[in-house]
Amino acid sequence: MDRHVGFVHALREAGLPVSLAEGLDAARALRVIDLAERESLRAAYAATLVKKPAYRPGFDVLFDLWFPSSTTGLRYGTQDHDHADPRERLAELLRGSTDAEMREFAGAMVERFGRQPAAEGRQNWFSYSVMRALSPDTLMARLLQGVPRGGLEEKTARQRVNANIRRFEDAVATDVRRRIAEDSGIERIARHAVRPPVDQLDFLRITRADLVRLRREVYPLARRLAARLAIRHKHGRRGRLDFRRTVRASLSTGGVPMEPRFRPPRPHKPELVILCDTSDSVSSFAHFTLLLTYALREQFTKVRAFGFVDTVDEITRFFAPGGDVGEALAKLATEANMSRFGRTNYGRAFEEFAKNDAVGPKTSLLILGDARSNYQPPALDTLKRLASGARHAYWLNPEPRQQWDSGDSLATAYGSIVPMRECRTITQLAQFIEELA
């Protein structure tokens, strides 16, 4: 039972939402399965604790740490390796193998190639030394011998081999984590073994590879954001006076128009202007902003985007519909008229931005940045004019709230003019959108 409690706690620590009730459901499920059947155990935990497909990779990593396979490396021990070429055996497995066979071989290869001595008689374990010794990618040509070139059969065979190479890499990484956990403790390795679920990735720490994962989450949120702003616009105004309906209604009150009638307001697709801090201090957040802007372009009548460090440039031109996010980032870094190495100056940015006349009564203004201005004049009056001239204005700040107003942060001063929200994850962005209604 201690292992069950520890495993559930590790899932929560890794960002997977597991409630007390779900933990109890998992414990009940364990009573009706054969605990010696490891994959049945995995399935029981997954069925009761994993809510989204995006949570499954992290779940599997932690499951393999807390419930390691007892057969790893048994069949292909080090004695067998003294008499066999491990690359020949790997080639056989890449043609086709069960998960158990792959795990056993991976464990033996980690034992043979992944061990490096450390101080005080301890061992260090590494995946890269196993991959370097076996070089599975170099076996592709041999495995495709005899396969007709250029057709569907070759494509299918290549995909199968690549998938099996990834299986081998995953099995090696799993065994390395298991061995490190045995030496250092499961809890210690578990804290660093799992990337957060996509909806909890910190925007200040995302990589370009994370953008692919975020793309699937951002586009539905962009549609919801556009819908929320349209609803607020609809609630904020009435249509034109309907004279005929007003006269008709007045007949019941002696010809006095006590209740004017209005036409339904025309459907409104809002306009959006984004002002984004693109300095190095929030460069990862700027990557997310670029992705969000791509998604928002399809939902608004007009989207204009401006970036700034110590100067402002309109960067809408980099957001061509259907474009590649990576290419846009590269162009933004080299072609935009912004000093990447300058000192962030929000006050100057607001003053230059105001000269563009980009904000009007139909505009929703969205400011994205950490509100850190290197102790420069804040231009609060300029920001007030911008906010008052827009239909709506919002500020999303990627810094943790407890860091606001520390050092050169002007979060409270700016937040008193434009409502400011902490927004560092997809979950927080979704909460912001829901509250707009």
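Residue positions are given per chain, counting from 1 as you read along its sequence in written order. Only residues with pLDDT of 70 or above have their local features reported here, since the model is predicted, and side-chain atom pairs are shown and tallied only from 80 upward, although totals for entire chains, interfaces and linings are computed over all residues. Excluded from the side-chain calculations are hydrogens and water; all other atoms, namely the structure's heavy atoms, are used.

Overview of a positive patch on the surface
Right, so step 1: A contiguous patch of positive charge, built from Arg240, Arg244, Arg245, Arg248 and Arg263, is present on the exposed surface.
Right, so step 2: Segments assigned H or I by DSSP are reported as helices when at least four residues long, segments assigned E as strands when at least two residues long, and all are numbered from the N terminus. Within the secondary structure layout, Arg240 lies in the loop between helix H12 (208-236) and helix H13 (243-250). Nonpolar side chains (Val, Leu, Ile, Met, Phe, Trp, Tyr) are joined into patches within 5 Å and like charges within 9 Å, using only residues with over 30% relative accessible area and no salt bridge. Where accessible areas are quoted, they stem from the Shrake-Rupley method and a 1.4 Å probe; at the residue level, only the protein chains shown are allowed to cover. Any Lys or Arg side-chain nitrogen found within 4 Å of a carboxyl oxygen on Asp or Glu counts as a salt bridge. Under the counting rule used here, the positive set is Lys and Arg, the negative set is Asp and Glu, and His together with the chain ends is not counted. We put the charge of a Lys on NZ, of an Arg on CZ, of an Asp on CG and of a Glu on CD.

Observations concerning empty space enclosed by the protein
Leftover empty space is mapped by rolling, across the atoms, a probe with the size of a water molecule.
Right, so step 1: Using a 1 Å grid laid over the protein atoms alone, points where a 1.4 Å probe fits but cannot get out form a cavity; open sets with protein on both sides within 12 Å along at least 5 of 7 lines form a pocket; any residue with an atom within 4 Å of a point counts as lining. Grid points are joined across faces, edges and corners, and a volume is the space filled by probe spheres set on the points. Within the structure shown, the criterion is met by 2 cavities of 30 Å³ or more.
Right, so step 2: By volume, the largest cavity is sized at about 60 Å³.
Right, so step 3: Around the largest cavity, the lining residues are Ile274, Cys276, Thr278, Ala286, Thr289, Leu290, Thr293, Ala305, Phe306, Ile315, Phe319 and Leu332.
Right, so step 4: Contributing elements (two or more residues each) for the lining of the largest cavity: strand S3 (271-277), helix H14 (283-297) and strand S4 (302-308).
Right, so step 5: Its residues placed into classes, the lining of the largest cavity shows 9 nonpolar, 3 polar and no charged.
Right, so step 6: Of the pockets and cavities examined, the second largest cavity occupies roughly 40 Å³.
Right, so step 7: Lining the second largest cavity are Leu225, Leu229, Leu272, Ser364, Leu365, Leu366, Tyr394 and Phe432.
Right, so step 8: With 3 residues, strand S6 (residues 363-368) is the single largest residue contributor to the lining of the second largest cavity.
Right, so step 9: Three classes are used, and their members are as follows: Ala, Val, Leu, Ile, Met, Phe, Trp, Tyr, Cys and Pro are nonpolar, Asp, Glu, Lys and Arg are charged, and the others, Gly among them, are polar. Looking at the lining of the second largest cavity residue by residue, the class counts come to 7 nonpolar, 1 polar and no charged.

Observations concerning the packing of aromatic side chains
Right, so step 1: Each Phe, Tyr or Trp ring (for Trp, its six-membered ring) is paired with any other whose centre lies within 6.5 Å, and the angle between the two planes then decides the class: stacked below 30 degrees, edge-to-face above 60, tilted in between. Tallied over the full model, the rule gives 18 aromatic pairs.
Right, so step 2: Ring geometry for Phe308 against Tyr346: centres 4.9 Å apart, planes inclined by 80°, an arrangement best described as edge-to-face. In this pair, Phe308 sits in strand S4 while Tyr346 sits in helix H16 (residues 346-354), placing the two residues 38 residues apart along the sequence.
Right, so step 3: Per-residue accessibility, obtained with a 1.4 Å probe over protein chains only, is compared with the maximum for each type, and a residue is labelled buried under 20%, exposed over 50%, and partly exposed between these values. What makes Tyr346 buried here is its relative accessible area of 0%.
Right, so step 4: Members of the aromatic cluster, joined through ring pairs, are Phe7, Tyr45, Phe59, Phe63 and Phe67.

Some thoughts on the nonpolar core
Where a protein is soluble and globular, its nonpolar side chains tend to be buried together.
Right, so step 1: Nine residue types can take part in a nonpolar core, namely buried Ala, Val, Leu, Ile, Met, Phe, Trp, Tyr and Cys, and a core is a set of them joined through side-chain atoms within 4.5 Å. Judged by nonpolar contacts, the single largest core of 46 residues is most densely connected at Leu214, Ile274, Phe288, Leu296, Ile315, Leu429 and Phe432.
Right, so step 2: Residue contributions to this core peak at 9 residues, all from H14.
Right, so step 3: Those residues in contact with Phe288, other than ones at most four positions away along the chain, are Phe203, Ile206, Leu211, Leu214, Val218, Ile426 and Leu429.
Right, so step 4: Counting 26 residues, the second-largest nonpolar core is a separate cluster that includes Leu90, Leu94, Leu139 and Leu143. The criterion used for residue contact is that any of the two residues' heavy atoms lie within 4.5 Å.

Quick notes on helix H4 (residues 56-66)
Right, so step 1: Most of H4 is tucked away: 9 of the 11 residues are buried.
Right, so step 2: Residues of H4 that are buried include every one of Gly58, Phe59, Asp60, Val61, Leu62, Phe63, Asp64, Leu65 and Trp66, and no others.

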